[in-house]
Amino acid sequence: MSGFEFESLEKTLEKYIPENELTEVKRILFGNPTKNLELHSSAEIVASERDFELQGHAFQSAPEQLRASRRVRVGLIQNRTVLPTDAPILDQISAAHSRIAELVEVAAMCDVNIVCFQETWTMPFAFCTREKEPWSEFAESAEDGPTTRFCQELAKKYNMVIVSPILEREALHNTLWNTAVVISNSGQVLGKTRKNHIPRIGDFNESTYYMEGNTGHKVFQTQFGKIAVNICYGRHHPLNWLMYSMNGAEIIFNPSATVGALSEPMWSIEARNAAIANHCYTCAINRVGTEHFKNEFTSGDGKKAHHDFGHFYGSSYVSAPDGSRSPGLSRTRDGLLVVELDLNMNRQISDKWSFKVRPIRSLDHSCDPLTSPNLCILLL
């Protein structure tokens, strides 16, 4: 492990900040403290046996007289690729399925209602290696591909909504997309949403593989609340978060794959800012580990050819609309973060701060400033 791959910011603070100052430091950095969530001891034992970190936290909201609490448990899963990047493709996919099944089983033991995996979780993040093969062979149907069928079985087995980001192959036009499939707790495919902002920066020039998505800002009604998926690079665009929120999202997931040299100083800020500005919960998920590729590649930026993109730093976390956030998962280990939310907090904070703007829609009621040609005016 290099010197830059320390375990986590939280553990470093706890190691070096005097105990009598630590609580105040954490309050300033992370907002109102979350409560430790009691998880089943059997879940903790299994997580230890399977070598992944397990954390449980709960946000605390104010009780109301006319509404019962709307408590939901979300699970965020981050993991390294299981097999080397040059292993047979089917073996890599099968190994990823097996690993995720282990973590989802523990999520079920922790009473998780909605679980989200990291961006393109069935494969190494091979985009930008300047090779189309064999990486395009990982692509599969969002509606009935083997990964979707695998997730449908897990969803039915554990009564759990699953957000499964994959590399999608659309059969009609033989087009590749970076897609998140949303599966209900009954196993039904509720729909899909596609990555709508594509990075063209340094190593991460992904437009060779797929272009901006065409699904707009979809929100999915689940038994446990209204959710949306803002895939990876979309987190850098404030209007992206806004439109998911304006379309009714109560929880916005941000499955990602990003390395420390590129984005880490922004990571802990952007999803948290979005939660504050849009009066909703945000869930940031990042993969972990360093993925090595047999063939060298360059970024087209004059730097020496290399075999990896750098260290994917994990650090998955959840933010609440009151500006608080959960501790993050490890920068170096696989992990499951379980967080209990009260969706009532969204309206409570909206009533208090009223940050969010309201749209005046065009006559055909299809206003979306990022996807629609119709004029859309936003007023405070």
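None of the values given here were measured: they were computed from a predicted structure.

1. Quick look at the UniProt feature "domain: CN hydrolase" (unreviewed entry) in the protein
Turning to step 1, where the next piece is worked out: As annotated by UniProt and renumbered to match this structure, "domain: CN hydrolase" (unreviewed entry) occupies residues 72-343.
Turning to step 2, where the next piece is worked out: Taken end to end, residues 72-343 is 23% helix and 27% strand, and its first and last C-alpha atoms sit 7 Å apart.

2. Notes on the pattern of salt bridges
Turning to step 1, where the next piece is worked out: Under the defined criterion, the tally for this structure stands at 24 salt bridges.
Turning to step 2, where the next piece is worked out: As a salt-bridge pair, Glu 168 and Arg 194 come within 3.0 Å of each other at their nearest N and O atoms. Here the residue Glu 168 occupies a position in strand E5 (residues 161-170), and Arg 194 occupies one in strand E7 (residues 189-194), the gap between them amounting to 26 residues.
Turning to step 3, where the next piece is worked out: Where Arg 287 meets Glu 291, a salt bridge forms, and the shortest distance between an N and an O atom there is 2.7 Å.
Turning to step 4, where the next piece is worked out: Taken together, the shared-partner salt bridges in this structure form one network comprising Glu 143, Glu 168, Glu 170, Lys 192 and Arg 194.

3. Digging into helix H8 (residues 344-353)
Turning to step 1, where the next piece is worked out: Among the residues of H8, those classed as buried are Asn 344, Met 345, Asn 346, Gln 348 and Ile 349.
Turning to step 2, where the next piece is worked out: Those residues of H8 hidden inside the fold are in contact with strand E13 (281-286) and strand E17 (335-342).
Turning to step 3, where the next piece is worked out: A positive backbone phi angle near 55 degrees is found at Ser 354, which sits one or two residues after H8.

4. Quick look at unusual backbone geometry
Turning to step 1, where the next piece is worked out: Of note, the bond from Glu 133 into Pro 134 is cis; its omega dihedral lies within 30 degrees of zero at 5 degrees.
Turning to step 2, where the next piece is worked out: Residue placement: Pro 134 occurs in the loop between strand E4 (114-116) and helix H5 (146-158).
Turning to step 3, where the next piece is worked out: Notably, Asp 111 is not glycine yet its phi reads approximately 65 degrees, a positive angle.
Turning to step 4, where the next piece is worked out: Relative to the assigned elements, Asp 111 resides in the loop between helix H4 (89-109) and E4.
Turning to step 5, where the next piece is worked out: Asp 111 gets classed as partly exposed once you look at its relative accessible area, which sits at 41%.

5. Quick notes on empty space enclosed by the protein
Think of a ball as big as a water molecule: rolled over the atoms, this probe shows where empty space is left.
Turning to step 1, where the next piece is worked out: Summed over all chains, the structure comprises one cavity of 30 Å³ or more.
Turning to step 2, where the next piece is worked out: Considering only enclosed or pocket space, the largest cavity measures out at about 80 Å³ in volume.
Turning to step 3, where the next piece is worked out: In terms of lining, the largest cavity is formed by Asn 79, Arg 80, Thr 81, Val 82, Leu 83, Gln 92, Ala 96, Gln 118, Trp 121, Thr 122, Met 123 and Pro 124.

6. Quick word on the layout of surface pockets
Turning to step 1, where the next piece is worked out: Considered as a void within the structure, the largest pocket measures approximately 460 Å³ in volume.
Turning to step 2, where the next piece is worked out: In terms of lining residues, the largest pocket is bounded by 23 residues, among which Glu 14, Lys 26, Thr 34, His 57 and Pro 327 are the most central.
Turning to step 3, where the next piece is worked out: At the level of elements, helix H1 (9-16), helix H2 (19-30) and strand E2 (53-58) are the ones that each hand at least two residues to the lining of the largest pocket.
Turning to step 4, where the next piece is worked out: Counting residues per element, the lining of the largest pocket draws most heavily on H2, which supplies six residues.
Turning to step 5, where the next piece is worked out: Here the residues of the lining of the largest pocket sort into five nonpolar, ten polar and eight charged.
Turning to step 6, where the next piece is worked out: Lining the second largest pocket are 14 residues; nearest its centre among them are Leu 9, Glu 264, Trp 267, Ser 268 and Ser 315.
Turning to step 7, where the next piece is worked out: When contributions to the lining of the second largest pocket are tallied by element, the ones reaching two or more residues are H1 and helix H7 (260-278).

Rules used throughout
- Residues numbered from 1 in each chain as written.
- Predicted model: local features only at pLDDT ≥ 70, side-chain atom pairs only at ≥ 80, totals over all residues.
- Heavy atoms only, no water.
- UniProt positions renumbered as here; feature names shortened; annotations may be inferred.
- Helix = DSSP H or I, 4+ residues; strand = E, 2+ residues; numbered from the N terminus.
- Salt bridge = Lys/Arg side-chain N within 4 Å of Asp/Glu carboxyl O.
- Buried < 20%, exposed > 50% of the residue type's maximum accessible area, 1.4 Å probe, protein only.
- Contact = heavy atoms within 4.5 Å.
- 1 Å grid on protein atoms, 1.4 Å probe; cavity = no way out; pocket = protein on both sides within 12 Å on 5 of 7 lines; lining within 4 Å.
- Points joined across faces, edges and corners; volume = space filled by probe spheres on them.
- Nonpolar A, V, L, I, M, F, W, Y, C, P; charged D, E, K, R; others polar.

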